[in-house]
Amino acid sequence: MIPALVSILIWVYLPMVQGSALLFQDYRVVGGSSWTGFNNLADVLFSADWWDSVLNTLRYMILTLALGFIAPIILAVLLQEVSCGKLIYRTLYYLPAVMSGLVVIYMWRLFYQSGPTGILNQVFQQLTDGLNAVIIPVCEFFNLPAHGLTYEPIAWLDDSKWAMLACVIPTVWASAGPGCLIYLAALKGVPDDIYEAAEIDGANFFQKIWNVTLPTLKALIIINFVGAFIAAAQSGGMILIMTFGRAGTEVAELHIFKEAYTNLKFGTAIAMAWILGISTLLFTIYQLKKLSNMEFKTTGK
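What you see is a predicted model; the values in this text were computed from it and never measured. (Residues numbered from 1 in each chain as written. Predicted model: local features only at pLDDT ≥ 70, side-chain atom pairs only at ≥ 80, totals over all residues. Heavy atoms only, no water.)

Trainee: For the pattern of salt bridges, give the residues involved together with the corresponding values.
Mentor: As a working rule, side chains carrying opposite charge can pair if their charged atoms are close by. The full count for this structure, using the stated rule, is four salt bridges. One salt bridge connects Asp-26 with Arg-28, and the closest N-O pair in it is separated by 2.6 Å. (Salt bridge = Lys/Arg side-chain N within 4 Å of Asp/Glu carboxyl O.)

Trainee: Lay out the nonpolar core in plain terms, naming residues and giving numbers.
Mentor: Counting 20 residues, the largest nonpolar core has Tyr-60, Tyr-112, Trp-156, Cys-167, Met-238, Ile-239 and Met-242 as the members making the most contacts within it. Taken together, the elements giving at least two residues each to this core come down to helix H6 (101–111), helix H8 (163–187) and helix H11 (236–242). The greatest single-element share of this core, amounting to six residues, is contributed by H8. When sequence neighbours within four positions are dropped, the list of residues in contact with Met-238 reads Tyr-60, Ile-105, Cys-167, Pro-170 and Thr-171. (Core = buried A, V, L, I, M, F, W, Y, C linked by side-chain atoms within 4.5 Å. Buried < 20%, exposed > 50% of the residue type's maximum accessible area, 1.4 Å probe, protein only. Helix = DSSP H or I, 4+ residues; strand = E, 2+ residues; numbered from the N terminus. Contact = heavy atoms within 4.5 Å.)

Trainee: Can you tell me about unusual backbone geometry, naming the residues and giving the values?
Mentor: Phi is positive for Ala-247, close to 55 degrees, though the residue is something other than glycine. One non-glycine residue with positive phi stands out, namely Leu-264, at about 55 degrees. Within the secondary structure layout, Leu-264 lies in the loop between helix H12 (252–261) and helix H13 (266–292).

Trainee: Before we move on, could you go through the packing of aromatic side chains and cite the residues and values that matter?
Mentor: Overall, the coordinates contain 16 aromatic pairs when judged by the stated rule. A ring pair is formed by Trp-108 and Tyr-112, whose centres lie 5.8 Å apart and whose planes are at 40 degrees; its orientation type is tilted. Given the relative accessible area of 12%, Trp-108 is considered buried. Ring pairing ties together the aromatic residues Trp-108, Phe-111, Tyr-112, Phe-124, Tyr-151, Trp-156, Trp-162 and Trp-173, which thus form one cluster. (Phe/Tyr/Trp six-rings, centres within 6.5 Å; stacked < 30°, edge-to-face > 60°.)

Trainee: For the packing of H8 against helix H10 (residues 205–233), give the residues involved together with the corresponding values.
Mentor: Between H8 and H10, the least distance of the axes is 10 Å, while the angle of their chain directions is 140 degrees. Judged by the inter-axis angle, H8 sits oblique to H10. In terms of crossing hand, the pair formed by H8 and H10 is right-handed. For the pair formed by H8 and H10, the contact residues are Ile-182, Tyr-183, Ala-186 and Leu-187 on the first element and Thr-213, Leu-217, Leu-220, Ile-221 and Asn-224 on the second. Partitioning the contact of H8 with H10 into residue classes produces seven nonpolar, two polar and no charged. (Axes fitted to C-alpha atoms, helices over the stretch in contact; angles between N-to-C directions. Parallel < 35°, antiparallel > 145°, perpendicular 65-115°, else oblique. Left-handed = near helix turned anticlockwise from the far one by under 90°. Nonpolar A, V, L, I, M, F, W, Y, C, P; charged D, E, K, R; others polar.)

Trainee: Can you lay out the environment of Pro-191 for me, pointing to particular residues and giving the numbers?
Mentor: Here Pro-191 shows up in the loop between H8 and helix H9 (192–200). Classification of Pro-191 by relative accessible area gives partly exposed; the value is 28%.

Trainee: Describe the side chain of Lys-258, and please don't skip the residues or the numbers.
Mentor: Note on placement: Lys-258 falls in helix H12. Judged by relative accessible area, which is 16%, Lys-258 ranks as buried. Looking at Lys-258, its side chain comes within polar contact range of the side chain of Glu-250, at 2.9 Å. If we skip the residues at most four places from it in the chain, Lys-258 touches Phe-244, Gly-245, Glu-250 and Asn-263. (Polar contact = N/O pair within 3.5 Å; in protein donor to acceptor, adjacent residues only side chain to side chain.)

So, in structure tokens, the structure goes:
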């Protein structure tokens, strides 16, 4: 293990320690850096732009966890109940994970194009026209005022009402399949006699899920929630390509990127990174503490 540990020490921890020294400096790339103590940290703590980006990160995390964390569990339960074609469905849902993340982002940017030429706007326009083709004849038949529906193309990535949700949806779409397979593998370890005992006691489909499936998956759900929480906090790459922080989507990680590589304020960027990293670390420790108090059972025992 020594070569691997030395490699990690050199390429991860040593740069982290050296970079952390910038927290206490007014760093200049061309030289002449001066020590400023905790001024960078104070500037960050009293920066309205930083706290706005933290709030945007919380918005992104809430949307991602609300839409993307439960979806794989529901999908796994549904696939578990499918009587035939399970392999085909699993392959279809896993396909987005095979695609490059960059390809996924640019594909969805194509969907979100503004104006009537955008693919998503075209879909909604066709749905509106289809509904009008039904509503207007019905209204005319009953001698009612025929007011058809209208659809105005939406600038999905430039409208603050939709931009954050538009950035979350590709992530949910790409991650649902792999997460579903993890839960599906765990569901295979639930003994059938437990479900049979629940049926004998009169439990319906939803009661079996609530009283048998979810308690069995509790440990896995907590582990995946920690991973999903950390991934949602590190949302800068998606936002960087989709909107570059426009329309109220500048999250903390993107704000740190801009502070360091656009404004060249490396000291305040390091301070922001430490605040974000420590917050995520504390949450992870809390969840792992809860996980350590749980009991784990092997399949069939």
